[in-house]
Amino acid sequence: MSDAPNISPAHPGNIATALERNRAFAAARGYEGAVVFPNLRLFVITCLDPRVDPAHFLGLDLSDSIVVRNVGGRVTEEVINDVAFIGQLAEMALPDGPLFEVAVIHHNQCGTGALADDGFRHSYAEKIGADESTLRDHAVLDPAATVAHDTELLRSASAVSPRVTVSGHVYDVTTGLVETVVPADG
Ligand SMILES: [Zn+2]
């Protein structure tokens, strides 16, 4: 999902390949020790781009983090509701102190850049019945700027517990490095 997509040749396996790996996972008891509340007390929001898988670039193991991925890793109303939901559950388990940190991570070469193209945006807006100007704002053209914007959205969301901290980062798909743009608050 970039200006010059690097698409690998069609793989005949699709879900069959993944299911084979699942059988190996189950046989090795990879599920053992998994817990509901994330070990790192972390909630990652990032892009669904397959290059941007936090299990890999953040080295997250099973149960280390909650992960929500969508187009661009944008903080939408649905994402705010998800954070509020987990916040409310966590408040029941932890009577005081910090609950968890939400890390919003945008990346360069993001496919959402297509939404800055008038033709693409117009056709997509029609398809999903959305407002074109809102869709334009969804494009991640300057990840440092959009991540700062989205971090602020979460911090100012009244539905999100004040005991949840929020940070913002940019992942560079060409170096593999994550840079912090907005350090965690509180
Ligand atoms: Zn992306």
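Look above for the structure.
Fair warning: this is a prediction, and the values are worked out from it, not measured in the lab.

S.K.: I'd like to hear about the environment of L94, residue by residue, with values.
M.R.: In this structure, L94 sits in the loop between α3 (77-93) and β3 (101-107). On the accessibility criterion, L94 (18% relative accessible area) is buried. Look past the residues within four positions of L94 in its chain and what remains in contact with it is F37, R41, L99 and R163.

S.K.: Account for the nonpolar core, naming residues and giving values.
M.R.: Grouped together as the largest cluster of nonpolar side chains are 21 residues, with contacts concentrated most on F43, I45, V83, F100, V102 and L154. Elements with a contribution of two residues or more to this core: β1 (42-47), α3, β3, α6 (143-155) and β4 (165-171). Here this core takes five residues from α3, the largest share from any one element. Core analysis: the next-biggest nonpolar cluster, separate from the first, contains 11 residues, C47, L60, A103 and I105 among them.

S.K.: Let's hear about the environment of D131: which residues, and what values?
M.R.: Tracing the chain through its elements places D131 in the loop between α4 (118-128) and α5 (132-138). For D131, a relative accessible area of 45% gives the class partly exposed. Sequence-wise, D131 and Q109 are 22 residues apart; in three dimensions their C-alpha atoms are separated by 24 Å. At a separation of 2.6 Å, a polar atom in the side chain of D131 contacts the side chain of S133.

S.K.: Which residues make up the packing of aromatic side chains, and what are the values?
M.R.: Aromatic ring pairs are reported here in terms of the distance separating the ring centres and the angle at which the planes meet. A complete count under the given rule lists four aromatic pairs for this structure. Here the aromatic rings of F43 and F100 are separated by 6.0 Å at their centres, their planes lie at 20°, and the arrangement is stacked. Taken together, the positions of F43 in strand β1 and F100 in the loop between α3 and β3 put the pair 57 residues apart, joining distant regions of the chain. On the basis of relative accessible area, F100 is assigned to the buried category, the value being 5%.

Cut-off values and rules
- Residues numbered from 1 in each chain as written.
- Predicted model: local features only at pLDDT ≥ 70, side-chain atom pairs only at ≥ 80, totals over all residues.
- Heavy atoms only, no water.
- Helix = DSSP H or I, 4+ residues; strand = E, 2+ residues; numbered from the N terminus.
- Buried < 20%, exposed > 50% of the residue type's maximum accessible area, 1.4 Å probe, protein only.
- Contact = heavy atoms within 4.5 Å.
- Core = buried A, V, L, I, M, F, W, Y, C linked by side-chain atoms within 4.5 Å.
- Polar contact = N/O pair within 3.5 Å; in protein donor to acceptor, adjacent residues only side chain to side chain.
- Phe/Tyr/Trp six-rings, centres within 6.5 Å; stacked < 30°, edge-to-face > 60°.

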